[in-house]
Amino acid sequence: MSDTQVKQQNSGAYYGQAILSFAVALGAVTVGIFYLDASGWVRAFLAIAVLYLTTSAFTLAKVIRDKQEAGQIVSRVDQARLEKILAEHDPFQKL
């Protein structure tokens with residue numbers, strides 16, 4: 001008997017909230033940089049820094065997700081091997 005895990009799926013509202021939250025945060029920082037009382041070079045530097053931070057955050061999230069998915073695959077393979085060994089084992093057979 002195998003226990004298969006049910007994949008938990010997020011709702012559309014959850015995805016919408018995450019996207020909207022990201023857009024509002026990025027927009028607020030952009031407006032803040034635009035209205036900052038500083039020279040153009042300082043604003044350009046801050047804009048590039050925000051873009052770099054954003055791409056780094058996406059990359060980090062992807063790497064963590066990929067590592068977690070790889071761990072789940074290894075766990076499934078190990079579980080399948082164990083189930084095969086247990087299915088083939090005959091406790092009444094003499095050693």
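Each value, and the rule that gives it
Residues numbered from 1 in each chain as written. Predicted model: local features only at pLDDT ≥ 70, side-chain atom pairs only at ≥ 80, totals over all residues. Heavy atoms only, no water. Phe/Tyr/Trp six-rings, centres within 6.5 Å; stacked < 30°, edge-to-face > 60°. Buried < 20%, exposed > 50% of the residue type's maximum accessible area, 1.4 Å probe, protein only. Salt bridge = Lys/Arg side-chain N within 4 Å of Asp/Glu carboxyl O. Helix = DSSP H or I, 4+ residues; strand = E, 2+ residues; numbered from the N terminus.

*Asks:* Run through the packing of aromatic side chains, naming residues and quoting values.
*Replies:* Under the definition given, this model contains three aromatic pairs. Ring geometry for Phe 34 against Tyr 35: centres 5.2 Å apart, planes inclined by 85°, an arrangement best described as edge-to-face. An identical accessibility class is assigned to Phe 34 and Tyr 35; each is exposed.

*Asks:* How would you explain the pattern of salt bridges if you had to name every residue and give the values?
*Replies:* The full count for this structure, using the stated rule, is two salt bridges. Salt-bridge contacts for Lys 62 lead to Asp 66; the nearest nitrogen and oxygen are separated by 2.6 Å. One end of the pair, Lys 62, and the other, Asp 66, are both in helix 2 (residues 40-88), four residues apart, so they sit about a helical turn from each other.

The values are spatial; any link to function lies outside them.
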